[in-house]
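The primary structure of each chain is shown beneath.
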Amino acid sequence: MADLNLDFLQRLSNPKKILLVAVIAIGIGGLYYYFLFGPQLKQLTKLNKQYQQAQLKLSQTKQIANQLEKFEKEIAGLQMDFKMTAQKLPNSKEIPRLLMQITKLGKEAGLDFELFQPQSAKPVGFYAEVPIDIAVTGNYHALGTFFTNICTMSRIVSIDDYQMSDYKVINGQDTLSTKFKAITYTFIEQPKGGENHGS
């Protein structure tokens, strides 16, 4: 191997020597950056981004965890409200007794029934509407008492689509005919234990 002859360096002027050293230093720096520092910088940037994303996710998780107790209380409150409301919805076995109770309230108020016709239940989600077409005759006071008593029942019954007609005064008493729809609600009962696949 031939000896490296560096004698020419001694013949260079000081400015040229400084320039040569600078070029060599820049070259070494460039090689260091390209092969060592550059890849490490990319890796560091990637890791920093992952770290920031992890911090954000941790912060969001902490916020959710801090509100977990609040959410659990809200769910418990909603469940309690649902149970209390559910108690006001009769099941299908209670409907005949409820219908008898409605007719009893009407008669006690002094109304005469001309029509009392329950219709087919109409499913609406987890419950069903049970409409009843009703036609009665009686005075305003009796009708008002009947509607008030229905609204104060423990079971939910709403009055809809009412029409008044044939106003008369008989023996000093005002009398009119009223047609309306009373709507009660019942749970759609689900079979216990899920689907029955047979024994």
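Rules used in this analysis
Chains are numbered independently. Their residues run from 1 in the order of the written sequence. A pLDDT threshold of at least 70 governs which residues receive local features in this predicted model, and a stricter bar of 80 or more applies before side-chain atom pairs are shown or counted, although totals over entire chains, interfaces and linings include all residues. As a convention, hydrogens and water are excluded, and side-chain values are obtained from all of the structure's heavy atoms. Helix and strand assignments follow DSSP, with helices taken as H or I runs no shorter than four residues and strands as E runs no shorter than two, numbered in order from the N terminus. Should any heavy atoms of two residues lie within 4.5 Å, those residues are considered in contact. Note that accessible areas follow from Shrake-Rupley with a 1.4 Å probe, and for residues the cover is restricted to the protein chains shown. Orientation is described by lines fitted to C-alpha atoms, with helices fitted over the stretch in contact, and by angles between N-to-C directions that extend from 0 to 180 degrees. Each crossing gets its hand from how the near helix is turned against the far one by less than a right angle, where anticlockwise is left-handed and clockwise is right-handed. Exposure classes here rest on a 1.4 Å probe applied to the protein chains alone. A residue is buried below 20% of its type maximum, exposed above 50%, and partly exposed in between. Confidence scores per residue from the predictor, reported as pLDDT, run from 0 to 100. Pairing of aromatic side chains requires ring centres within 6.5 Å, counting the rings of Phe and Tyr and the six-membered ring of Trp. Pairs whose planes differ by under 30 degrees are stacked, by over 60 edge-to-face, and all others tilted.

A. Examining the overall build of the protein chain more closely. Scanning the protein chain from N- to C-terminus turns up four helices and five strands. Along the protein chain, helices (α) and strands (β) appear in the sequence α-α-α-β-β-β-α-β-β when read from the amino end. Once local pairs closer than 6 in sequence are excluded, the contacts in the protein chain between residues at least 24 apart make up 61%. In the structure as shown, the protein chain presents an accessible area of about 15,700 Å², 58% of it carried by carbon and sulfur atoms.

B. Seen up close, the packing of helix 3 (residues 95–109) against helix 4 (residues 140–151). At a minimum axis distance of 8 Å, the contact between helix 3 and helix 4 shows a crossing angle of 150°. Classified by chirality, the crossing of helix 4 by helix 3 is right-handed. Here Ile102, Leu105, Gly106 and Ala109 of helix 3 lie close against helix 4, whose contacting residues are Ala142, Thr145, Phe146, Asn149 and Ile150.

C. Up close: unusual backbone geometry. We note that Asp161 has phi near 55°; this positive angle belongs to a residue other than glycine. Position of Asp161 among the secondary structure elements: in strand 4 (residues 157–170). On the accessibility criterion, Asp161 (48% relative accessible area) is partly exposed.

D. Spotlight on the confidence of the model for the protein chain. Confidence along the protein chain averages 76 in pLDDT terms, with 73% of residues attaining 70 or more. Between the elements of the protein chain, mean pLDDT differs from a low of 62, seen in helix 1 (residues 7–11), to a high of 89, seen in strand 1 (residues 112–118). Predicted confidence for residues 194–199 stays below pLDDT 50, and this span has zero contacts to residues more than four positions away or in other chains.

E. Looking closely at the packing of aromatic side chains. Summed over the entire model, instances satisfying the criterion amount to seven aromatic pairs. For the pair Phe113 and Phe116, a centre-to-centre distance of 5.9 Å together with 75° between the ring planes defines the contact as edge-to-face. In this structure Phe113 comes out as partly exposed when scored by relative accessible area, which is 23%. Residue classification places Phe116 among the partly exposed residues on the basis of a relative accessible area of 26%. Joined through ring pairs, the aromatic side chains of Phe113, Phe116, Phe146, Phe147, Tyr162 and Phe180 make up one cluster.

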